[in-house]
Amino acid sequence: MNKNKIYPQWYIVGPLVLYVMFFLFPSLLGVLYSFTDWSSRSGINGISFVGLENYIEIFTSNRDYASGIVNTLKFTLISNGIKLTVGLFLAILLQEGVFGKGLYRTVFYLPSILPFVIIGLVFKSVFNYNTGLLNTMFETLQLDFMKQKWLSDLNIVWKSIYGVDAWRGIGYVMTIFLAGLNAIPRTYYEAAVIDGANFWQKLFKVTLPMMTGSIMINLVFGITYGLKVFDIIYVLTNGGPGRETEVLTTYVFQLYSRGQYGLATAMNAILLIITAVIGIAVVKFMSKQEVQQ
Amino acid sequence: MKTKWFSVVCCMIFVVLLSVGCGQNDNGNAQPDASGSSDDQTTVFDDSASDVNGEISFDGEELSILVSAGWMDNRYDTIIERFEDTYDVTVDLQTIPADQYFDILQSKLDTGTNADIFWIQSNPFAIETTIVRPEEYCLDFTGAEWKDIMYEARKASCVHDGKLYGLQIWHNSPEYVMLYNKTVFDELGLEIPTTYDELKEVCETISAEGMTPWFIPGADGWQHQLAFFQIGGVYEANMPGLYDQLNINKATFAGNETMLTVLQQFKELSDLGYFGEDWIGSDSTNASNDFGDRNIVMAMANSSYIKQIKEETGTTDEFGLFLLPLADNNSFPTNPAGPTMFGYKGTSHPELVKAFFDFVTTTESLQELLDNSPSYTNLDVNDPNLEQHWLPEEEVFMSGVKQSQMVTPVLQTGTKYTNDYWMDFGADMVAYCLDQMEANEVLENMDRNRAESAEITGDPNWN
């Protein structure tokens, strides 16, 4: 009866060709090039196979590329932890009958429509030690002890980055959670209330299990974003002070800019592998949770 | 059945559009081939190709220029406006923050999406290295009318294999020496320091008065390295022949006693807070006001900065210049290098690029350039009709410098592949000041970077 509504399988050929041509093929080619000494002079010198040399360089070099990998993973973990926790809290708060919740939702979401470069430039100015808005405000309020070297103190700089990242991303996470919350039937909460459940019991026994889908979306998006993070760090600190906030992508950018394409693609391949492994693991785990429910 | 055919037609249209889209270049630039040849355009110019009289029409065309902040700024605005009016074209000036410029330029060159005109900090070595790769990326201006506007020393940064590729219009003032507030020095009874110990004592006295002794804008990313590189003369003096040895890979930065001393002294001053409360996070945006307000007393700057401070702040304080005495240096930072303008070989309108170079090098444009540059007191060009504005402070300072102190060029210009890693070295210096690295590791990284650059370039001394 519905035969006419089922489209033939060859319809997938178009997207598949595009996917293979513009993603799969370049990605595999990138992995292949990561085993070569491809550089900006290869047009003259040619490209030679160097085996695992690029990968060995990444993990053993004095330049500490490995710290870029660690920083990337750290950023992914912490930034998502902050955004998911606060985003969920705000979503729950704004789903309830808070006065002006529509306005709050808009206000919280607004930063996420701004480009990171603009946000970075604005916050770079806000964080300026001598003339920045933040330290000036503390000075005016006679709270001099709160003044910080926001982007040049090794103990503060990551916190500043997380703060800006959360300011921008929480609204987006919150919106996805709100969609998930709205999909939970009210009857579940009514039943829970009749059973005498308190706020936390409702949260952990009803809300969170029913939101596996939106949590998974946020996690997958958040993890892929975190592993690929570049612009916010590039604009705010450019990997500094020193090498403190270098991540995989800032190193890739530097290497590519220097014409060391082989090494850059090796770093990209590592990024691809980490992203794929973590992404697949998260999806599998969350799907399992969903099925069990 | 109809739906099926409709889908097939849609797919075919999609594929055709995709092919057409892939075949075009959005910015209209044709990517140069790796061999450096270009079949469809003339890239060698001679006087007969002139279009000043309007023989060639550029109506409605757009000329894009990619430049680092500080190299053109507002000083070219009037020239650009006149150029736009004269040729009825639009100039798209893309000014990139200094700390990001090199990466962006290199990416654009590598991907064939560069602007029609681009700038680089050139020197006689830089033009041969991986940055510019003139045969591949630059228009050949050999025979252009303006070739004699540059003195030979500057032309060396623009010529490769006998062909002229770039145009360098820069000033000839003392560059990045120590600029100091003479009035404050007099009031505190301070003398110009000539050794590191004296410099430290001066800093101590100034600091005790609540002022920043030596302002360094670390957040700019490119300024703090000057303290290391501008005193190249002292490295050569303490180890004669060092430059030559570095250029043939017979010497290294790592382990050089004088270089280590300079880094250690720099860190000591940083630890003592003499560069300011947060020099790593400070930029130079407000520096002239801070000079005028006496918040800062010394900085590495060009002599013309004195003029800028006085004009912008109205201060009545007097200023002077002295040689940076880290490692007891007394050499003058001779530097024939400077920001240099190149035409991109992949441009779709090389004649318009040529017209711009011709236009900039007229006496009228040069005078506008100088008059609109608060930070310039002169232009180092061969144009007798140009009215220069030398400062008395420059004349006083230069009268105290002997010719023997000016022999060795600054380290970044005098040694191969060094300037390419200016920003990396700066990041490493900061890491060292934050105790994330050792001094010798900073130098080792420079050696490694230079070796990589040399290897990529195919330099026989490294291969």
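Placed above this text is the structure.
The present account deals with the structure reproduced in this document.

Quick notes on the rules
Residues numbered from 1 in each chain as written. Chains lettered and ligands numbered in written order. Predicted model: local features only at pLDDT ≥ 70, side-chain atom pairs only at ≥ 80, totals over all residues. Heavy atoms only, no water. Helix = DSSP H or I, 4+ residues; strand = E, 2+ residues; numbered from the N terminus. Buried < 20%, exposed > 50% of the residue type's maximum accessible area, 1.4 Å probe, protein only. Contact = heavy atoms within 4.5 Å. Areas by Shrake-Rupley, 256 points an atom, 1.4 Å probe, with all protein chains shown as cover. Buried area = accessible area lost by both parts, 1.4 Å probe. Salt bridge = Lys/Arg side-chain N within 4 Å of Asp/Glu carboxyl O. Polar contact = N/O pair within 3.5 Å; in protein donor to acceptor, adjacent residues only side chain to side chain.

### Some points on the overall build of chain A
Argument step 1. Summing up its helical and strand segments, chain A has 14 helices and 0 strands in all.
Argument step 2. Dimensions of chain A, computed from the C-alpha atoms along their principal axes, are close to 75 × 75 × 30 Å.
Argument step 3. Relative to its full complement of 293 residues, chain A shows a buried share of 44%.
Argument step 4. Across chain A, every contact between residues at least 6 apart in sequence was considered, and the portion connecting residues at least 24 apart equals 66%.
Argument step 5. Counting every atom, chain A has about 16,000 Å² of accessible surface; 69% of that belongs to carbon and sulfur.

### Structural notes on the interface of chain A and chain B
The accessible area lost on association of the parts is a frequent measure of interface size.
Argument step 1. Of the residues lining the interface, 32 residues belong to chain A; the matching set on chain B comes to 41 residues.
Argument step 2. Of the roughly 3,300 Å² buried where chain A meets chain B, counting both sides, 49% is carbon and sulfur surface.
Argument step 3. The interface formed by chain A and chain B contains 2 salt bridges.
Argument step 4. Of the charged contacts, one joins Asp-428 of chain B and Arg-243 of chain A as a salt bridge, the two residues approaching to 3.0 Å between their closest N and O atoms.

### Digging into the pattern of salt bridges
Residue and element names in this part refer to chain A.
Argument step 1. A full pass over the atoms with the stated rule returns 20 salt bridges over all chains.
Argument step 2. Glu-246 is paired through a salt bridge with Arg-243; the nearest N and O atoms lie 3.4 Å apart.
Argument step 3. On the basis of relative accessibility, which here comes to 19%, the residue Arg-243 falls in the buried class.

### As for the side chain of His-171 of chain B
Residue and element names in this part refer to chain B.
Argument step 1. Looking at the secondary structure, you find His-171 in the loop between β6 (166–167) and β7 (177–181).
Argument step 2. Judged by its relative accessible area of 2%, His-171 falls in the buried class.
Argument step 3. At a separation of 3.4 Å, a polar atom in the side chain of His-171 contacts the main-chain amide nitrogen of Ser-173.
Argument step 4. Those residues within four positions of His-171 in sequence are excluded, and the remaining contacts are Arg-154, Asn-302, Tyr-376, Asn-378, Leu-379 and Asp-380.

These figures come from the coordinates and say nothing about function on their own.
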